[in-house]
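# Structural overview
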Amino acid sequence: MRKGFLSLLAGALLASAGCDDFLTVDPETFISQENYFKTPQHVEQAVTAVYARTRGLFSGDWRLLGDLRGDLTTLQFNINIPGFTFQIDEFTEATNDNTIGAQYNAIFRTIFDANVVLSRIDGVPFEDQQQKERLRAEALFARAVAYWQAVQFWGLGERWEPDNLAVPLILEELTDPDQAFQFERATVRQVVDQIIQDLTYAKQYLPPKSAVTGANAGRFTRGAATFLLGATYQLDPSPAAQQAALAEFEELATQGYALVTTGTAASGGNAFREVFNPANKNNVESILEFQYNVNLENGALRQNLVPGMSPLNAEGGGNEGNPSLIPVYGEAGEGSYMPTQNHILSFAGADPSGPETPFDLRYEGGYGVFCPGSGVSGRLGNVPDVLRTQGDITLRSPNPAYPELNIERVRDPVNRSVRENCIPYYAKWRWPEHMPQPGRDNNNWIAFRYADALLRRAESLARLGRAEEALQFVNEVRARAGLPPLSGLSGEALLDAILQERAWELAGEGHRWLDLKRFGKASEVILAHGEERARRVSRTPPAAYMRDGSLYRLRFPIRPRDVELSQCRILQNPGWGTDCVGN
C-alpha cells in the first residue's frame, strides 16, 4: 500500500533532525550528494523534503509576522517572558529580531531545496513524463510561495513600488554556502515576474483538487497555483495587473471550490466554525492546507495551538485534561496570540451598547470570552470561567490587570449573554474532542481558502470600478456569517468595506499585516491602533506602533550578518542602519 503523504513528511522531518529513515535520505545533506539523483524515486523523496520545508513557511512565525503585526491580534502581558514577541506586536523590534530572522531562514531554506530539485531533475531518466512535470511543478510552487512571502515582507511597504529592493533572486542550486552572499537583492518587479513565471508553468502540471485526496491530501494543486498567481498579480494596483488577477480568481471558481455552508453538531450548526473542524479536513473551501496528525509521535507534525491562544490567567486542565476549561491541558494558558478588544467589539452583535441582531456568526464560531465571576461561558458549555490558581502568583491577576485585552462589557459569542470584564480568545482551533493528551491537537493549518479568494476577487473588481459585481462576492461571504448584504458602495468606501470583511473573516490566520500593506492602510491603521493602545495601556513605549515616525518598519530589516557577510552586495532596507543601505 502506498504510504500516506503525511507519513512521508514525518520521515523527511525526522531525517532533517539527524535520523536516517526517510528512505535513507537526509534532506539536510542530499543536496551535496552528487550521486543521489539517479531515479524518479529519488526525486519524489527530494520533493517530499521540499514539502517539509514549505510547511515551515506557515508556522508560528508566519502567524506572528502576519497577524500579531497588526491591529487584530495582540498578546497578554507576561512579565516572565522575553520581549521579542512584544517587539513584533509593538513595532519596536531590532534589526536582528529572532522571529523575522527565523522566517527569513524558512523562506530561503525552501528556495534552496526547491532549487536542488529544479537543477537536477532533467538529469534523471523518467519513463513517466507526467510524473516528472508534476514534481517540477511542485518544486516551482514551493519556490514561488516562498518568494511571495519574501517580496511582501522585505520589498513592499504600503504602496506598489516595483523598483524597491526585495531579496536575492536565487534560481539555481548552491553547492557552496558562500555562494549565497555573492548575490545582490533583486527588485520587487524582478521577484514578482519570477513568481508569475514559476506559477504559470506549475499550474499546467499540478493536479486538480479532486485528484489530491486520501494518501495525497496536502499536495500542491492547480487551484493553489491559480490562487497564488491571482494574489501575486494583485500586488500591482494597475488595471492590467488587476485584470490578470481577476482572471485567475474567475478560473479558480471553475475548479470545484466553494464555501462551507452547513455546520454539524460538533460545530453547533455553525458553517464558519465547520471550516476548521478537525473531522472536516481538506474540505471544499480549502485551497492550500498543511497536514497535521495528532497520533504521530513526531512533534513537528502535531499541532498545539490552544495553549498559546488561551488567557494566561485562565485555569488549565492539568495532565488529565478538562474540556470545560479553555486550556484543556496544562496548568494555564499562555496568552501569546489573542484578539484585540476593538476587533471583538467590531463584530455585529458583540457590543452590548448596540443591537444584538444581526449577530455575526463568525464571532459565534471563532471566539470565546473569559469572564471569571460574570455569567457562564457559552464556548465551554455554559459553565463558569475559572481564574488561574496554580503556578506563578504574578499570573493569577483578575482580568482588569490586563488592560491590553480586558473588555468591560461584551456579549458572549455563543450564549449571547452580556458579561463583564472579559478577555477574548480565538476558538477556531479549539476542539476538545480532538485533543487526546497534553501538547497535541488535531488541527491542520489552512493557508489559503475560498472565502479569501472570493474577497480577493471582489477587491480586483472594486479596483477596476466594477462595484456591483464586487459586492456580489462580498455578500456571498457575509451571507454565511448571517449578515445582511451591502449595497451602494464604490471606490474607496467599497475597498474599506472589503478590508474590514477580510478582518472579520480571516483574523488569526496570518493575513492581516499583508492586507493592510496591500490596501495602503498600514500606517493609518497602526498609528490609530497605537494611540488607542497607549491611552488604554500605560506601559506602552512612546515609540511603539510607529508613533515616533518610524514608518520604515513597514518593511522588515535584512539581517545585519547578511549585509556584512555579503560585503554590502546585500543592502539594508532604509531606516534600519546607516551603512550599506539600499532602496
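Attention here is on the structure that accompanies the text.

## Description of the overall build of the protein
Assigned secondary structure in the protein consists of 18 helices and 11 strands. The C-alpha radius of gyration of the protein comes to 23 Å, within 12% of the 25 Å expected for a compact globule of 583 residues. Its C-alpha atoms give the protein principal-axis dimensions of roughly 70 × 50 × 50 Å. By the burial criterion, 60% of the 583 residues in the protein qualify as buried. In the protein, 69% of the contacts between residues at least 6 apart in sequence involve partners at least 24 apart. Surface summary for the protein: the accessible area is close to 21200 Å², and the carbon and sulfur share equals 50%. With 56 positive and 71 negative side-chain charges, the protein shows a separation of 2 Å between the mean positions of the two kinds.

## Here we look at the pairing of strand β11 (residues 445–449)
In terms of burial, β11 is largely enclosed, as five of its five residues are buried. With four bridges joining them, strand β4 (residues 286–290) and β11 adopt antiparallel strand pairing. Residue pairing for β11: Glu289 is matched across the bridge by Ile446.

## Topic: the pairing of strand β8 (residues 367–370)
Across a regular strand the side chains alternate sides, sitting on one face of the sheet and then on the other. Burial along β8 is two-sided: Tyr367 and Val369 and Gly368 and Phe370, pointing in opposite directions, are all buried. Pairing analysis gives four bridges linking β8 to strand β10 (residues 418–426), with the strands arranged antiparallel. In the sheet register, Phe370 faces β10, and the bridge partner there is Ile423.

## So, the environment of Ser460
Mapped onto the fold, Ser460 is located in helix α13 (residues 450–463). In this structure, the C-alpha to C-alpha distance between Ser460 and Tyr36, residues 424 residues apart in sequence, is 46 Å. Here Ser460 is in contact with Gln234, Gln242, Ala245 and Leu246, once residues within four sequence places are set aside.

## Quick word on the nonpolar core
If you look at the biggest cluster of nonpolar residues, it comprises 142 residues, and the most contacted ones within it are Phe141, Trp154, Phe448 and Trp513. Ranked by the residues each element gives to this core, the list is headed by helix α6 (residues 129–155), at 15 residues. Sequence-distant contacts of Phe448, defined by excluding residues within four places in its chain, comprise Phe58, Val145, Trp148, Phe227, Leu228, Ser286, Ile287, Leu288 and His511. Ranked by size, the runner-up nonpolar core spans 12 residues in total, among them Met338, Tyr402, Leu405 and Ile423.

## A short note on the packing of aromatic side chains
How two aromatic rings sit relative to each other is set out by the distance from centre to centre and by the angle between their planes. Taken as a whole and assessed by the stated rule, the structure comprises 33 aromatic pairs. Relative to Phe86, the ring of Phe77 lies with its centre 5.8 Å away and its plane at 55°, an arrangement referred to as tilted. For Phe77, a relative accessible area of 30% translates into the label partly exposed. Given a relative accessible area of 11%, Phe86 falls into the buried group. Seen from their ring centres, Trp148 and Phe448 are 5.6 Å apart, and the 90° between their planes marks the pair as edge-to-face. Highlighted residues: Trp148 in helix α6 and Phe448 in strand β11, separated in sequence by 300 residues. For Phe448, a relative accessible area of 1% puts it in the buried group. Between the NZ or CZ atom of Arg55 and the centre of the ring of Tyr292, over which it lies, the distance is 4.5 Å. Directly above the ring of Trp445 sits Arg63, whose terminal nitrogen or CZ lies 4.5 Å from the centroid.

## Quick look at the packing of α6 against helix α8 (residues 222–233)
For the pair α6 and α8, interaxial distance at closest approach is 11 Å and the crossing angle is 30°. Comparing their axes, α8 and α6 come out roughly parallel. With respect to the hand of their crossing, α6 and α8 are arranged in left-handed fashion. Residues Phe141, Ala144, Val145 and Trp148 of α6 touch α8, and the partners they reach there are Ala224, Ala225, Leu228, Ala231 and Thr232. Split by residue class, the contact of α6 with α8 holds eight nonpolar, one polar and no charged.

## Looking at unusual backbone geometry
Going from Thr357 to Pro358, the amide bond is cis rather than trans, its omega being -5°. Following the sequence through the fold, Pro358 ends up in the loop between α11 (341–346) and α12 (361–366). Here the phi dihedral of Arg416 falls at roughly 65°; this positive angle occurs in a residue that is not glycine. By the element assignment, Arg416 lies in the loop between β9 (407–411) and β10. Backbone geometry places Gln567, a non-glycine residue, at a positive phi of 55°. Mapped onto the elements, Gln567 comes out in the segment after α18 (560–565). In this structure Gln567 comes out as exposed when scored by relative accessible area, which is 63%.

## Digging into α13
Relative to the 20 Å expected for 14 residues at 1.5 Å per residue, α13 spans 20 Å between its end C-alpha atoms, a close match to the ideal helical length. In terms of burial, α13 is a largely internal element, 13 of the 14 residues being buried. Gly465 sits one or two residues past α13 and shows a positive phi near 80°.

## Description of empty space enclosed by the protein
Taken as a whole and judged by the stated rule, the model has four cavities of 30 Å³ or more. Roughly 120 Å³ of volume is contained in the largest cavity. As for the largest cavity, its lining consists of 15 residues, and the residues nearest its centre are Val275, Phe276, Glu289, Asn444 and Ile446. Across the lining of the largest cavity, the residue classes break down as six nonpolar, six polar and three charged.

## Overview of the state of the cysteines
Summed over the entire model, instances satisfying the criterion amount to two disulfides. Between the sulfur atoms of Cys371 and its disulfide mate Cys422 the distance is 2.1 Å. Every disulfide takes its handedness from the sign of the S-S torsion; for Cys371 and Cys422 that torsion is 115°, giving right-handed. You can see Cys371 sitting in the loop between β8 and β9 and its partner Cys422 sitting in strand β10, a full 51 residues away along the chain. Since its relative accessible area comes to 0%, Cys371 is described here as buried. The connectivity of the disulfides in the protein is 1-2, 3-4, where the numbers refer to bonded cysteines in sequence order.

Cut-offs applied
- Residues numbered from 1 in each chain as written.
- Predicted model: local features only at pLDDT ≥ 70, side-chain atom pairs only at ≥ 80, totals over all residues.
- Heavy atoms only, no water.
- Helix = DSSP H or I, 4+ residues; strand = E, 2+ residues; numbered from the N terminus.
- Rg over C-alpha atoms; globule rule 2.2 N^0.38 Å.
- Buried < 20%, exposed > 50% of the residue type's maximum accessible area, 1.4 Å probe, protein only.
- Contact = heavy atoms within 4.5 Å.
- Areas by Shrake-Rupley, 256 points an atom, 1.4 Å probe, with all protein chains shown as cover.
- Lys, Arg positive; Asp, Glu negative; His and termini not counted.
- Charge placed at Lys NZ, Arg CZ, Asp CG, Glu CD.
- Pairing = 2+ DSSP bridges.
- Core = buried A, V, L, I, M, F, W, Y, C linked by side-chain atoms within 4.5 Å.
- Phe/Tyr/Trp six-rings, centres within 6.5 Å; stacked < 30°, edge-to-face > 60°.
- Lys NZ or Arg CZ within 6 Å of the ring centre and 35° of its normal.
- Axes fitted to C-alpha atoms, helices over the stretch in contact; angles between N-to-C directions.
- Parallel < 35°, antiparallel > 145°, perpendicular 65-115°, else oblique.
- Left-handed = near helix turned anticlockwise from the far one by under 90°.
- Nonpolar A, V, L, I, M, F, W, Y, C, P; charged D, E, K, R; others polar.
- Expected span 1.5 Å × (residues − 1).
- 1 Å grid on protein atoms, 1.4 Å probe; cavity = no way out; pocket = protein on both sides within 12 Å on 5 of 7 lines; lining within 4 Å.
- Points joined across faces, edges and corners; volume = space filled by probe spheres on them.
- Disulfide = S-S within 2.5 Å.

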